[in-house]
2 protein chains.
Amino acid sequence: MNREKHFRSNPRVAIVGASGAVGGELLRCLERRHFPVGEMQLFASARSAGKTLGFNGSKLVLREVTEASFAGIDLAFFSAGNGISRHFAPLAVAAGAIVIDNSSAFRMEAEVPLVIPEVNVERIGEHRGIIANPNCVAGIVCTALWPIHRRNRIRRLILATYQAASGAGAAAMEELRQSTRAFLDGRPFESRVLRHPYAFNLFSHDTPVDPVTGSNGEETKVMAETRKIFADPELRVLATCIRVPVLRAHAMAISLECERPIAPGEARAMLEDAPGLRVVDDAERNYFPMPKDASAIDDVLVGRIRRDVSDPTGRSIALFIAGDQLLKGAALNAVQIAEHVAF
Amino acid sequence: MNREKHFRSNPRVAIVGASGAVGGELLRCLERRHFPVGEMQLFASARSAGKTLGFNGSKLVLREVTEASFAGIDLAFFSAGNGISRHFAPLAVAAGAIVIDNSSAFRMEAEVPLVIPEVNVERIGEHRGIIANPNCVAGIVCTALWPIHRRNRIRRLILATYQAASGAGAAAMEELRQSTRAFLDGRPFESRVLRHPYAFNLFSHDTPVDPVTGSNGEETKVMAETRKIFADPELRVLATCIRVPVLRAHAMAISLECERPIAPGEARAMLEDAPGLRVVDDAERNYFPMPKDASAIDDVLVGRIRRDVSDPTGRSIALFIAGDQLLKGAALNAVQIAEHVAF
């Protein structure tokens, strides 16, 4: 699929949710990757309408999204939550746009491709108007593990996450900053965005817990999306999703079991020449992936590559990874998808 | 074993490392648990000598520990690092004291009991002068898992930790506070205590990494000590130890595989009536163990009790726990040991 098939010229692009943390990163990714935007329209809630954001040297005014917003739009990025995507994405498609949706509204629908370009770029061509961008944890984990999975199938995956405030949006990042300052000053602080105190604290991801499985909403997404992205319904996944007081990069401790034995050196070699990854695994300097280093960069950092000593069969590897929640976990991946739609 | 066998009257107690974070908690635990101290002597490095600390209403002066410090001491708590324990603990024993050692110097020596009273109180009687207090992660994890292990043997344990600053001492707690304030103010900050920037960041535990196994020192301790405390050399453990920007309670995401099938409800029942634990597992309110709630309390909090869905045999359970690193992870457990030595 190439751009000529879709767009008369450089596409007219819309961003729905432009005032959010992901929205801002979408603008910056499109700019720095020189995406050929013919015209840009920014949409937000009524509350943010009237504000301006810079893009490619111009100031653009945010408007409230309405059912008429998508006339003439070729490509629409959605990053304003499930409700907005459910309501407006089908309208955008009906108006002729291709939608790249960062919400979870359509990810598990059979006819919607769920895409990480490094993993399953070939799925993009199957879209019927909507292409789903993965959950931030699933996106980072699948980018990191695909180089192993494609060569020596992962049968079981156990992961514990260390998730940053950005996953709950710009307001949660600000709540982390403000509540931490209040804590240091000995002032009381009442959480408004997140359910639990965040300053020097951590907590189980605050999505609803399924009373049958005991998994929360985030864990359910991570487990299901990983299977869909890897096109491997047999893959067994356990996720424990925890929010930690970090601003914008997620980390994960991982144990994976492959179909056949795998040595740490083999796993490292698979990861070292993979796109979108950087191996940071310096045991001598005790230097491994950290959110500080993973923030504001495109690559997912992978390290602590070692044998999972709890599996005597030699088929299991342990890892620690970190990736920017707003970039590979959201905006960057969405723009990478758009590049494959457009060119 | 009762007190009369050991001590002529209420024991004369020494604390080596009294100025540290654990030392302070030792004093408070002895006070609030009304440990029958006949006389208290506080020792520290030359740097802290001359400072005073309160105990049972008196002000006590810290003195520099020397080879002559232990004359007449019945019971000595050591919490000043491996070097001090290696040098002075044998001298204390030679002078007639029983040593409860919070360092890792003697933990894996065959003739040294490694004790969590809730788990293996019977080992205390086997001591030859030194009783070891476990690593803080091992202490918290073993307290939480013993009620399961003793009924349905745990064969495999995979744990990822979320470790607080207190594990690296009072200076690391202060570095976390100061570096976070500097970050919020946009000021530069140079880490002095820990190897990596700590403000809104996390990192792999900064103990040396074994080039053969790939495990760091903390992980190696956790894995070996868990096997020793459970007296189960066959138990297979993988630990990934991570320092998070939290002040004083550790958390852990755990998957465990038992010998026989185990339902989450069974595991919960085993944990609910166990000493030293509190089940905090309210899915409806999304309320689970958090460092904030685990700080400054004796109980270890256990929750997110659910099936590990990555094991189709029904033998695996997932959990999330939090425990005070300075209390059950250090000072409280040491004082509990002392209570069994003395009475």
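Coordinates for the structure precede this section.
We now turn to the structure provided with this report.

Conventions adopted
Residues numbered from 1 in each chain as written. Chains lettered and ligands numbered in written order. Predicted model: local features only at pLDDT ≥ 70, side-chain atom pairs only at ≥ 80, totals over all residues. Heavy atoms only, no water. Least-squares fit on C-alpha atoms with pLDDT ≥ 70 in both. Contact = heavy atoms within 4.5 Å. Core = buried A, V, L, I, M, F, W, Y, C linked by side-chain atoms within 4.5 Å. Buried < 20%, exposed > 50% of the residue type's maximum accessible area, 1.4 Å probe, protein only. Helix = DSSP H or I, 4+ residues; strand = E, 2+ residues; numbered from the N terminus. Phe/Tyr/Trp six-rings, centres within 6.5 Å; stacked < 30°, edge-to-face > 60°. Lys NZ or Arg CZ within 6 Å of the ring centre and 35° of its normal. Pairing = 2+ DSSP bridges. Axes fitted to C-alpha atoms, helices over the stretch in contact; angles between N-to-C directions. Buried area = accessible area lost by both parts, 1.4 Å probe. Salt bridge = Lys/Arg side-chain N within 4 Å of Asp/Glu carboxyl O. Polar contact = N/O pair within 3.5 Å; in protein donor to acceptor, adjacent residues only side chain to side chain. Nonpolar A, V, L, I, M, F, W, Y, C, P; charged D, E, K, R; others polar. Parallel < 35°, antiparallel > 145°, perpendicular 65-115°, else oblique. Left-handed = near helix turned anticlockwise from the far one by under 90°. Expected span 1.5 Å × (residues − 1).

It is worth spelling out the relation of the copies chain B and chain A at this point. With an RMSD of 0.0 Å, chain B superimposes on chain A once it is rotated by 180° and translated 0.0 Å along the axis. In symmetry terms, the pair is related by a two-fold rotation axis. Taken together, the interface assignments show that 100% of the residues at the interface of chain B recur at the interface of chain A, consistent with an identical surface on both copies.

Attention now goes to the nonpolar core. By size, the foremost hydrophobic cluster in this structure holds 58 residues, and its most contacted members are A:L145, A:L159, A:I254, A:L256 and A:L319. Take this core: its biggest share by element is 10 residues, from helix α5 (residues 136–149) of chain A. When sequence neighbours within four positions are dropped, the list of residues in contact with A:I254 reads A:V141, A:L145, A:L157, A:I158, A:L159, A:I317, A:A318, A:L319 and A:I321. Membership of the second largest hydrophobic core comes to 57 residues, among which are B:A105, B:I116, B:V119 and B:A239.

All right, on to the packing of aromatic side chains then. Residue and element names in this part refer to chain A. All told, the structure shown has 13 aromatic pairs over all chains when counted by the stated rule. Each ring, one from F43 and one from F70, has its centre 6.0 Å from the other, and the planes form 45°; the classification is tilted. Residue F43 is located in strand β2 (residues 39–44), and its partner F70 is located in the loop between β5 (63–64) and β6 (75–78); the two are separated by 27 residues in the primary sequence. Across this residue pair, the class does not change: F43 and F70 are buried. Against the face of F106 rests R86, its NZ or CZ located 5.5 Å from the ring centre. Positioned above the aromatic ring of F288, the side-chain terminus of R304 is 5.3 Å from the ring centre.

The next point concerns the sheet that holds strand β13 (residues 249–258) of chain B. All names here are of chain B. Spatially, β11-β9-β13-β16-β15-β14 is the arrangement adopted by the six strands of the open sheet, whose pairing is mixed. The sheet is open, and its two edges are formed by β11 (236–240) and β14 (277–279), each paired on a single side. Across this sheet, the average inter-strand angle for adjacent strands is 25°, counted without regard to direction. In this sheet, strand β15 (residues 300–307) lies alongside β14 in parallel orientation, the contact comprising three bridges. Bridging from a neighbouring strand, R278 pairs with L301 of β15. Seen against the sheet, helix α8 (residues 264–272) touches β14, β15 and β16 (316–324) and runs at an angle of roughly 165° to β15.

The next thing to look at is the environment of A:L327. Residues and elements named next belong to chain A. Take L327: it is sitting in helix α10 (residues 327–342). When its relative accessible area of 3% is taken as the criterion, L327 is described as buried. As a C-alpha pair, L327 and S295 span 32 residues in sequence and 8.6 Å in three-dimensional space.

A few words on the interface of chain B and chain A. Every contact between the two is made by 65 residues of chain B and, on the other side, 65 residues of chain A. Carbon and sulfur atoms make up 61% of the surface buried where chain B meets chain A, a total of about 5100 Å² over both sides. Considering only the surface of chain B that becomes buried against chain A, B:F200, B:L202 and B:N286 emerge as the three largest contributors, covering 13% of it. Here B:E219 ties to A:R304 by a salt bridge, and the two come within 2.6 Å at their closest N and O atoms. Along the contact surface separating chain B from chain A lie 30 residue pairs in polar contact (both at pLDDT 80 or more). Counting residues per element, the side of chain B that touches chain A draws most heavily on helix α6 (residues 170–185) of chain B, at seven residues. Its residues assigned to classes, the side of chain B that touches chain A comprises 33 nonpolar, 16 polar and 16 charged.

Each packed pair of helices is defined by two parameters, the angle between the axes and the distance between the axes. Residue and element names in this part refer to chain B. One way to put it is that helix α5 (residues 136–149) packs onto helix α7 (residues 217–229) with a least axis distance of 8 Å and a crossing angle of 40°. What the angle tells us is that α5 and α7 run oblique. For α5 against α7, the interelement crossing comes out right-handed. Taking contact as the criterion, the partners of C136, V137, A138 and C142 in α5 are, on α7, E218, V222, E225, T226 and I229.

Below, the discussion takes up the pairing of strand β9 (residues 154–162) of chain B. All names here are of chain B. Burial runs high along β9: eight of the nine residues are buried. As defined by bridge partners, β9 adjoins β13 across eight bridges and the pair is classed as antiparallel. Bridging across to β13, Y162 finds its partner in A251. Bridge count for β9 against β11 is five bridges, and the pairing is parallel. Within β11, the residue paired with L159 across the bridge is A239.

Below, the discussion takes up the pattern of salt bridges. Pairs can form between side chains of opposite charge whenever their charged atoms are close. All names here are of chain A. Tallied over the entire structure, the rule returns 50 salt bridges over all chains. Here R33 ties to E339 by a salt bridge, and the two come within 2.8 Å at their closest N and O atoms. On the criterion of sequence distance, the pair formed by R33 in the loop between α2 (21–32) and β2 and E339 in helix α10 is long-range, its members being 306 residues apart. A relative accessible area of 28% places R33 in the partly exposed class.

Residues and elements named next belong to chain A. With 12 residues, α2 extends 17 Å from end C-alpha to end C-alpha; this agrees with the ideal 16 Å at 1.5 Å per step. Across the 12 residues that make up α2, a large majority, nine, are buried. Taken together, the buried positions of α2 are occupied by A21, V22, G23, G24, E25, L26, L27, C29 and L30. At the C-terminal side of α2, H34 shows a positive phi close to 55°.

Residue and element names in this part refer to chain A. Pairing is mixed across the open sheet formed by six strands, whose spatial order is β11-β9-β13-β16-β15-β14. Lying at the two open borders of the sheet, with one neighbouring strand each, are β11 (236–240) and β14 (277–279). Looking at each pair of strands side by side, their axes are set apart by 25° on average, direction ignored. Two strands pair when backbone bridges link them, and strand β13 (residues 249–258) and strand β16 (residues 316–324) are joined in this way by nine bridges, in the antiparallel orientation. The residue bridging I254 from the neighbouring strand is L319, located in β16. Taken strand by strand, helix α7 (residues 217–229) contacts β9 (154–162) and β11, and its axis lies near 150° from that of β11.

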